Structures are given as structure tokens and as C-alpha cells.
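Structure assessment
The lines below spell out each chain.
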Amino acid sequence: MYRSYGVPLACASAVAIIAVTAGATASAQEASTALPPVVVEQKQLPNKPTKKKVAKKSSAQQSTAGDANGEDDHAAMGHGPADIGVGHSGMAVPLNTTRVDRKTIQSQAPTSSDTAAIMSRAPGGSIFSGGGLSSLPVLNGLNDDRVKVLLNGMVVTSACSNHMNPPLSYIDPSQIVAAEVIAGVTPVSKGGDSLGGTIVVESAIPEFATGDGVKTSGSLSTFYRSNGDKVGVSATANAATQNVSVGYAGSWTKADDYERGGDGATVLSTLYQAANHSLTFAAKDADNLLVVQGTYATIPYQGFINQRMDMVDNEAWMLNARYVGRFDWGLLDARAFYHNTSHAMDILEDKQPGAMPMRTEGTDAGYSVKAEIPLSSTDLVRIGNEFHHQGLDDWWPPLSGSMMMGPDTYWNINGGRRDRLGTFLEWEHRWDRSWTTMIGARNDVVWMDTGNVQAYSDASCLMMMMGMCMMPNPDAAAAAAFNSKDRSRTDVNFDITAMARYEPSANEVYEFGYARKTRSPSLYERYSWGVGSMAATMIGWYGDGNGYIGNPDLDPEVGHTLSFTAGWHDKAHRDWMLHITPYYTYVEDYIDADYVAAMSNANFVTLRFANHDARLYGVNVSGSALLWESKRDGRFDVSGVVGYVNGENLDSGDNLYHMMPFNVRLALQHSLGNWSSIAELVAVSRKAEINELRNEPQTPGYAILNLRTSYEWQNMRFDVGVDNVFDQLYYPPLGGVDWAGYKAGGQVGTIGAVAGEGRSFNAGVTVKF
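Throughout what follows, the structure given in this document is the object of discussion. (Residues numbered from 1 in each chain as written. Predicted model: local features only at pLDDT ≥ 70, side-chain atom pairs only at ≥ 80, totals over all residues. Heavy atoms only, no water.)

Here we come to the side chain of His-343. Following the sequence through the fold, His-343 ends up in strand 14 (residues 330–346). A relative accessible area of 3% places His-343 in the buried class. Of note is the side chain of His-343, whose polar atom sits 2.9 Å from the side chain of Asn-314. Setting aside anything within four residues of it in sequence, one finds His-343 in contact with Ala-159, Cys-160, Met-164, Asn-165, Met-311, Asp-313, Asn-314, Met-358, Arg-359 and Thr-360. (Helix = DSSP H or I, 4+ residues; strand = E, 2+ residues; numbered from the N terminus. Buried < 20%, exposed > 50% of the residue type's maximum accessible area, 1.4 Å probe, protein only. Polar contact = N/O pair within 3.5 Å; in protein donor to acceptor, adjacent residues only side chain to side chain. Contact = heavy atoms within 4.5 Å.)

This part is about the sheet that holds strand 3 (residues 136–139). The 3 strands are arranged 2-3-4 in an open sheet whose pairing can be described as antiparallel. In this open sheet, the two strands that pair with only one neighbour each are strand 2 (125–128) and strand 4 (142–143). (Pairing = 2+ DSSP bridges.)

What follows concerns the pairing of strand 18 (residues 435–449). Bridge analysis of strand 17 (residues 410–430) against strand 18 gives 14 bridges, and the strand direction is antiparallel. When the bridges of strand 18 are listed, His-429 appears paired with Thr-437. Count of turn residues in the strand 17/strand 18 antiparallel hairpin: 4 residues. Where strand 18 lies against strand 21 (residues 489–505), 14 bridges are found, and the strand directions are antiparallel. Residue pairing across strands places Met-448 opposite Arg-489, the latter belonging to strand 21.

With the rule as written, the count across this model stands at 1 disulfide. The disulfide partner of Cys-461 is Cys-469, and the gap between their sulfur atoms is 2.2 Å. Across the S-S bond linking Cys-461 and Cys-469, the dihedral sits near 110 degrees, which makes this disulfide right-handed. Judged by relative accessible area, which is 18%, Cys-461 ranks as buried. (Disulfide = S-S within 2.5 Å.)

With respect to the helices and strands, the residue Arg-225 is situated in strand 8 (residues 215–225). Side-chain polar atoms of Arg-225 contact the backbone oxygen of Pro-110, separated by 3.0 Å. Engagement of the side chain of Arg-225 in a polar contact is seen with the backbone oxygen of Ser-112, the distance being 3.4 Å. Discounting chain neighbours no more than four positions away, the residues touching Arg-225 are Ala-109, Pro-110, Thr-111, Ser-112, Ser-113, Lys-230, Tyr-272, Ser-760, Phe-761 and Asn-762.

As a further point, take unusual backbone geometry. Most peptide bonds take the trans configuration, and most residues that are not glycine carry a negative phi. That bond from Gly-406 to Pro-407 is cis: its omega, 5 degrees, falls within 30 degrees of zero. A positive phi angle, close to 55 degrees, is found at Asp-144, a residue other than glycine. You can see Asp-144 is positioned in the loop between strand 4 and strand 5 (147–151). Owing to a relative accessible area of 6%, Asp-144 belongs among the buried residues under this scheme. Positive phi is not limited to glycine here, since Gln-714 has a value of about 55 degrees. Residue position: Gln-714 is located in the loop between strand 30 (702–713) and strand 31 (716–723). By relative accessible area, Gln-714 is classed as buried at 14%.

Moving on, we come to the nonpolar core. In terms of nonpolar packing, the biggest core is built from 65 residues, with Met-309, Trp-396 and Trp-529 touching the most fellow members. Discounting chain neighbours no more than four positions away, the residues touching Trp-396 are Met-356, Pro-357, Met-358, Thr-409, Tyr-410, Asn-412, Tyr-456, Ala-535, Met-538 and Ile-539. (Core = buried A, V, L, I, M, F, W, Y, C linked by side-chain atoms within 4.5 Å.)

As C-alpha cells, this is what we get:
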């Protein structure tokens, strides 16, 4: 029943790898690439305008970045992967930013195909578990739509009532050139319609030749993971002159259900298959860069263990264009994009017999125009305007022969529309060699509306017996009430960010920040109208098995965040660093939920989205240190990330849902010549602070050990590793409930938490040419 694109691509890649390997010579040998560390340094950006030659960092400290003042990208437009366009330097990159380069991301392919999971390694990051490719990002306890995700500048919205197709599911890790994670206080030039922070992912950054003639390059990669028989291949190809570049990137991956640690039991509904293909054209001269990229992404199927439904098809087409130009007055960065998704949900075979077809058609379209204008040697202004349109149709076709799911089509959202127009102004000023400040303001106006809806049937009772209604149909009356109301809404939102950075010496830096951020409700939060338990359980992206009803009268969320970052490091940013960032967030009108009714199964309840005040506080710590280095023994480094967040609904006193407990990620890394190895310990404390309203499960603490090593020889890289070395049985605290296993077991007793993956032996090979 599943479409498979993998066999032809896998065979072609295998043949090509053999051919390229046979033709490789010693002259093709490249510099060694170290295996990625457990933490990517949150780069401190110097305020001083003079260029300095910096000693090469260890891989435990490596982060992407060009010159902090942006001089390199003006000199060679389009050559630096993270150094083009507006907002890549200065206070636009606060100290709570984690920059991740291409080598770090792509070397994770042997261990994960979930882009959100890789981004969650940044300080403050975590994920709501979903499908194997569709985890939802969390920054400082604020999740999913509260996190701004920019995919090549595109604002891509989940077109699914379960958020099975979030933005990061449309890009394979192998296709990412550079990424940036900002947790907490975010400049207004990178925010808007979000609270928790911003994730910027770039793949459409071209390569150009540095000399005469045509430069060609490419790569082929493949990986295998034993747990779940996961396999994948990816390929890139590029041809370029000094001024024109054409590139291709493609990937395919497939996985079966994985086995949990301990007893090796199969964890149902964790299988998936996906393919991505993109073509990029770029042209440049000394002062101008134009990039156009088209992408086709498909997920023929993806199981969702903590949802009642699964993805049975998802096809997306994306087109985006970008222009970056340097002028006498400054830098201009303009983008335009279009995205269309056709999405289908039903129930896969391993969730036991059942059927409930659901369909979604979603579109995103928009533009952004930003400018960076130096007013003087100490003053810089960023100004911009952006527009985002979201269109959504969500309907559930009738099921032949079903009394409850027919005879009509159920329209959950009919012609839903959400348009946002945003404008911002940001001023950065350097007071002296130690002090720099930035203040920014933005306005976002959001217009929302949707058309009339209908239930499966307009009859108030679906089955009568002896004059009594044995099967009432509350959705018929709910649809009529919804259609009778004025559903158009307009939100006028304002954001402010103020930051100050103090760098008293070459070894320390401090940053203070305040942000007022606003997010308007989503189409699903406002317009999901069904009140019956079956309809309500089709709504929700929390992985809790509960049902949700929308609320057209929701107000926008307004978050107030205070944070402070203290950073210490050696002068060369090479041997050691330590960053500590405590934060506090108060959210007015936080969109939580109110109790409506209990379901027939005592594990679940029906809830209605509602505004409440909430507060969150926590701390993120990251650091690294050189332990030993010699020509004979190589280099030994230790690095780590520590995080904790606490959230509370101030109206009810209940804990906020899915708050990550205290967690630590430590790594010991060794590199010697072309060898690089890492031993990684991931430890999470017991999750005892749970959301009682949603019956959130408690999870025990755990610690798992991962081992990886890599070797580079000429134009090839070999990766091998073992995840969860001791085959530990553990339960990710944000994994949700195991609905698939609960249903397979006859829905008896109390539903349990989702178990994590057991031991997996991983291997990968990359060939460059």
C-alpha cells in the first residue's frame, strides 16, 4: 500500500560510490573533518571592527560564522554559507544563539533523520516526539507554533490537525548548509508571531568557482541503522562558474518500527519513508546575488505512535527566490516564496484494523524585504517588511457503510485564511569598545477567517430505538452554531526587544535582554469546531490522546521574557568556554485548555482551547574545555549542555504540559589526524511535575551512552557508532502516550508513555568528488 522511491536511488548511489571510489587518488585528499561535538559553541561575536587571525578551534568549540562585522560577505558575495544577507552579525546574533555548520549537521545523518531532533541539541532545545521525521521543536519550554521556523526564509505552516507535517519535516539533514537556533530573547528582525525563539535553516546557499572555467563538485552518502532497519541515501551535484551556479540535492530514507531497550519489544507506529529533491540556480556579481530554488518533498507514510491517526501521504512543492544586493547605503535582502502541501491521514496497519480518511490542502505564500543601513561607524539600522498568507482546507471524506462517518463530508476547516503583515525597525549602537546596545520594535497585523462547515450528517440523532436516541450527533448543532457566527478576526500585535552587551575584556562577555513577543492563535486553535468526542480527538498535536475544541474568541499570547547571559572563554576561542543563561518568561493569555468532559475511556478527556496567564523560568548552561593535546596523542576535549525549565498555569496552578525536566548532555571527544571519536552521555531526571489536566504520564530518570567514530581517507568519510550502548529501557519525558501499543493491547488499563529506541548499530559512508 506504500509507494517506494528508494530502490532505484539506492542502487544508483551504490554504483556511483563504487565508481567514484575506484577513481579516487591521493591527490583528492581533503583536510580532516572532526566528528561533531555534543554541543556547538554559542559564538561570542566581538565588537571590535578590526580583523584578527584566530587560531583554529577544536571541533568541540566549532560554530559557523563569518567575520562578526560582516565584512567578508561584502567582499565576496555568496561565498560564505552563513554570511550573506541581513542579520548575520552584531547584536542580531545574540549570545543565546547556537550556530551549526554543514559538517556538524550532515555528520549526524548516521544517527538521525529528524532535523528537529538535531536542532534540539542546542542549549534550551528539546522536542515533542511525533513521527520519526516530524518532531516538534521546543525552545525554553515554548513549543511548536510558539517557535519561529524559517526554512530558507519561508514561513511554512503545519497543514494537519495533528501537526504531522511541521516545517522542519520538509528538509533532510543532509541538505542543510547552515542553521541558527536562538532560544529566548530574539531580535525583532528575526521574530514576529512567536514567543520562544527562532530556528533558521538554510539549504539554498550556492557555491561558486573561485577561478576561470567551470567547477563541478558533488557527494554521495548512505547510512544504515540496525534498530528499525533504517536506511538512507543522499546525493548532491553542483556546477558553477565564478558568476553562475546550478545545484541539485536529493535524499531518501526508510525505517521500520523500532525496538525499545531492555526486552526488545517492537514499538508500533514508528515506521516512515521520505524523499526530498531540490534544484537551485544562482547568479552573482561583486555586489548582487540571486538565488532561486524549487523543492519537491514527499512522505508516502509515517507512523505516529502517540496519535490516533497516521500519515498515509504528504506531497509538497516549494518555490523560493532570494535577492541580496550591496549598495552605497547598505545591504538589501529580499525573499519571496510559495508552498503547497497535499496531506492525507488514516490508520496504518500496525495500529490494528480501522479507517478514517482525512485530507488537508495547505498553502503558504509571502515575501520579506529587509535592509541593513550603517548610519555611522557606531550606528546600524535594520528595517523590514514581510507578509505571510496561509490557506487551509481540512475535510474528512465519508466512510462507506459507516453510521458515524457519513453520509456527508465532514468539513473541519473550509477555506481557512490567515494573513499576517509585519514591519520592524531595529537600531544597534556601539557606545565604546565594551558596550553595545540594540532596541527594536515591530508591528504585526493578523487577519483570520474561515467559511461554513458541516458535520458528517445534519441529523441530530444518528440512531433511534424505541423512540429514544441511542446515538446523538452533537456536531450537527455545533456546525449550525459555528456557521451562524461572525468568524473573522483581526489582531494588531506589537513586539519590543531591548538588549545590551558588555565585553570588559577579551575573556568575558555579558548580555542582558528583554523581549515582548506576541503570537496570534492558529487556524486550528480558533476554528476547530467539532464537539463530539470522535471529532475532538482528531484535533491536537500534544501526543496525549485527548480531544480538543477550538475557540474563535481566543486572544493572542503576549510573552515578556527577561534573560541574562554570562560568557567566559580563552582569548582565542579555542581551548575553553562557558555560557550560563538564566531566563524568566511571563505570558499573558497563554493558550492552554479548559476541561469540557470526560470520555468513555477514563484515560482521556475533551478540552477546549482557552487563554490563561502562565510563567516559565529556567537556565541553560553550555561549555567545553581542552583536556589534553599533543602531536602523538591528539586532542581530547570535554563539552556539555545542561538545561532545566519549569512552567505553571497561574490561573489553575497546574504545571504546563511537556516541560523538560533537568537534563545533561556530556561528551568526551578525541581527534588525531583523520580520526575523530566521541563518547556521549545523555542523562535526564525523573519527570514528576506533570500536567494533571491532560493526564500527562510521569517518566523515570535515565542515562544512555552513545559512541561514535569517524575516519577520513582521501575523498571518503566513514562513520560508525552505537546508540544506547547498554540497551537501556527509557521513556523520553516529552514523548507523549503510547496510543499504538495501548490500542493493540485492547485499550485495557492505564495508557503508558512512549518508550525510546533501544541499542542501534549505525554506519555511514560519504564520497565527495
